[in-house]
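# Close look at the chain arrangement
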Amino acid sequence: MYELIIIGSGPIGLFSSFYAGMRGLKSLTLESEETYGGQLTKIYPEKPIYDIAGIKEIKAKDYISELYNQYLPYKDKNPIIYNIEILEIIDNIDYYSIITNKGNYDTKTILVASGNGSAIPRKLEVENANKCTNILYRLDNVNKYKEKNIIVLGGGDSALDIANMLVDSSNVTLVHRRNEFRAHEESIELFKRKNGVILTPMTVNSIDFDKVCTSINLSNNETKEEVKLNVDYIFVSYGMLPSKNILNNILESDTLGIIVNQSYETSKKGIYAVGNSCSYVGKVKTIMSGMGEAVSAITSIHQYLYPTKNPTFYSSINKNK
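Reading guide: rules and limits
Residues numbered from 1 in each chain as written. Predicted model: local features only at pLDDT ≥ 70, side-chain atom pairs only at ≥ 80, totals over all residues. Heavy atoms only, no water. Helix = DSSP H or I, 4+ residues; strand = E, 2+ residues; numbered from the N terminus. Contact = heavy atoms within 4.5 Å. Pairing = 2+ DSSP bridges. Salt bridge = Lys/Arg side-chain N within 4 Å of Asp/Glu carboxyl O. Buried < 20%, exposed > 50% of the residue type's maximum accessible area, 1.4 Å probe, protein only. Phe/Tyr/Trp six-rings, centres within 6.5 Å; stacked < 30°, edge-to-face > 60°. Polar contact = N/O pair within 3.5 Å; in protein donor to acceptor, adjacent residues only side chain to side chain. pLDDT = per-residue confidence, 0-100. 1 Å grid on protein atoms, 1.4 Å probe; cavity = no way out; pocket = protein on both sides within 12 Å on 5 of 7 lines; lining within 4 Å. Points joined across faces, edges and corners; volume = space filled by probe spheres on them. Nonpolar A, V, L, I, M, F, W, Y, C, P; charged D, E, K, R; others polar.

What follows covers the side chain of serine 187. Within the secondary structure, serine 187 sits in helix H5 (residues 185–193). Filtering out sequence-adjacent residues up to four positions away, serine 187 remains in contact with Leu160 and Asn164.

Below, the structure is given as structure tokens:
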């Protein structure tokens, strides 16, 4: 039986796996995707991150790599299982059984660190779009798209992030169905300063298809004017579609996530939640806040399992003492 099973190996899940190892807990991490890193790996590997303490700037994929290297010393004792689907969680009063497509696992505690859960990108729903290899839903390598004609579809932060990463070396047009954007105003102004082109309020009517998408046909939602744009690549950033999450059926939650107390324990004793998975008054959804939550939650779990032990823990030892 495991002392702890962690659900999710995004940035917060990876750090939780590392910190559980440091605290000497026998743990297992379950990941629904084929690799670790969550959306930072799957959707935003090239995105620069600026708000990590002590690091001025780092690409998402490089940050995930550093987190994984930090976890590596505990890889054998605290493994991660990939491509696993949780089918059911059974409450056995003093432990939980997690039923999956790869077997059953018993554990004394559970830590939910799966962010907003497994999700897939919303697709561009026009004829032949699913056949086009140049219609993409993630930016994997900025250098690959230099000096290309690129269209980014969407009006949120992710769309602006992609547009701003590409506009320095490519001709980038941002197409959004509304005049108003969900993205931060600073990101929009940055794109404009870099001579990016913005077309609003425009809807995609169709694409011209010849093995790949060669051009895209738009119409203005107000004037009904039609526009055709030649294109080398299209990046679609319409948000994510969440998959079914069985945790929603057993844990109390609100619109922000799973409700937790000050120890990050959920409505079920022995089940905890951190990162974008959890909700509480004053919750801030950032990587840094999630890391602090992971430390507090693992400490709470350690106290729950070993109530007589001193919860104080230091990550460094003064060898002179």
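Back to the write-up after that little detour.
Further remarks concern the sheet that holds strand S10 (residues 135–136). As summarised here, the arrangement of the five strands in space is S10-S17-S11-S12-S13, forming an open sheet in which the pairing is parallel. Across the chains shown, the open sheet's two edge strands, defined by having one partner strand only, are S10 and strand S13 (197–199). Two strands pair when backbone bridges link them, and strand S11 (residues 149–153) and strand S17 (residues 233–236) are joined in this way by four bridges, in the parallel orientation. Paired with isoleucine 150 across the strands is tyrosine 233, a residue of S17.

Moving on, we come to the pattern of salt bridges. Using the criterion set out here, one finds nine salt bridges in the structure. Salt-bridge contacts for aspartate 208 lead to lysine 228; the nearest nitrogen and oxygen are separated by 2.5 Å. Of this pair, aspartate 208 sits in strand S14 (residues 202–210) while lysine 228 is found in strand S16 (residues 226–230), placing the two residues 20 residues apart along the sequence. Put simply, glutamate 293 and lysine 283 hold a salt bridge, and the shortest N to O gap is 2.8 Å. Taken together, the residues glutamate 293 in helix H7 (residues 287–305) and lysine 283 in the loop between strand S21 (278–279) and H7 connect sequence positions ten residues apart. A residue is classified by how much of its surface remains accessible, and glutamate 293, at 1% relative accessible area, is buried. By relative accessible area, lysine 283 is classed as buried at 14%.

Within the fold, histidine 176 resides in the loop between strand S12 (171–175) and H5. A sequence separation of 154 residues divides histidine 176 from methionine 22, and the C-alpha atoms of the two residues are 47 Å apart. Setting aside its immediate chain neighbours within four residues, histidine 176 contacts Gly154, Gly155, Phe181, Arg182, Leu199, Thr200, Pro201 and Met202.

Tallied over the entire structure, the rule returns eight aromatic pairs. Considering the side-chain rings of phenylalanine 15 and tyrosine 19, the 6.1 Å spacing of their centres and the 25° angle between planes classify their relative orientation as stacked. Pair noted here: phenylalanine 15 and tyrosine 19 are both in helix H1 (residues 11–22), with a separation of four residues, about one helical turn. We classify tyrosine 19 as buried; its relative accessible area is 10%.

Bringing the side chain of asparagine 78 into the picture now. Summarising the element assignment, asparagine 78 is placed in the loop between helix H3 (60–71) and strand S5 (80–81). Judged by relative accessible area, asparagine 78 falls into the buried class, the value being 3%. At 2.6 Å, the side chain of asparagine 78 and the side chain of serine 27 are in polar contact. If near-sequence neighbours (up to four positions away) are discounted, asparagine 78 is found in contact with Ser17, Ala20, Gly21, Leu25, Lys26, Ser27 and Tyr71.

Moving on to the pairing of strand S7 (residues 96–100). The element S7 is largely enclosed, with a buried count of five among its five residues. Judged by which residues are buried, S7 turns out to be covered on both faces: Tyr96, Ile98 and Thr100 on one side and Ser97 and Ile99 on the other are all buried. Looking at chain direction, strand S6 (residues 86–91) and S7 are connected through five bridges and run antiparallel. In the sheet register, isoleucine 89 faces S7, and the bridge partner there is isoleucine 98. Pairing analysis gives five bridges linking S7 to strand S8 (residues 103–112), with the strands arranged antiparallel. By the bridge assignment, isoleucine 98 is partnered in S8 with tyrosine 105. In textbook terms, the turn of a hairpin is the stretch between consecutive antiparallel strands, and for S7 and S8 this stretch comprises two residues.

Before going further, it helps to examine the confidence of the model for the protein chain. Averaged over all residues, the pLDDT of the protein chain is 92; the fraction at 70 or higher stands at 95%. In this model, residues 317–321 is a region of pLDDT below 50 whose contacts with residues beyond four sequence positions or in other chains number zero contacts.

Within this model, the second largest pocket holds a volume of roughly 350 Å³. Lining the second largest pocket are 17 residues, with Lys123, Gly154, His176, Arg177 and Tyr238 positioned closest to its centre. Broken down by element, the residue count for the lining of the second largest pocket peaks at three residues, all from S14. Grouping the amino acids of the lining of the second largest pocket by side-chain chemistry returns seven nonpolar, five polar and five charged.

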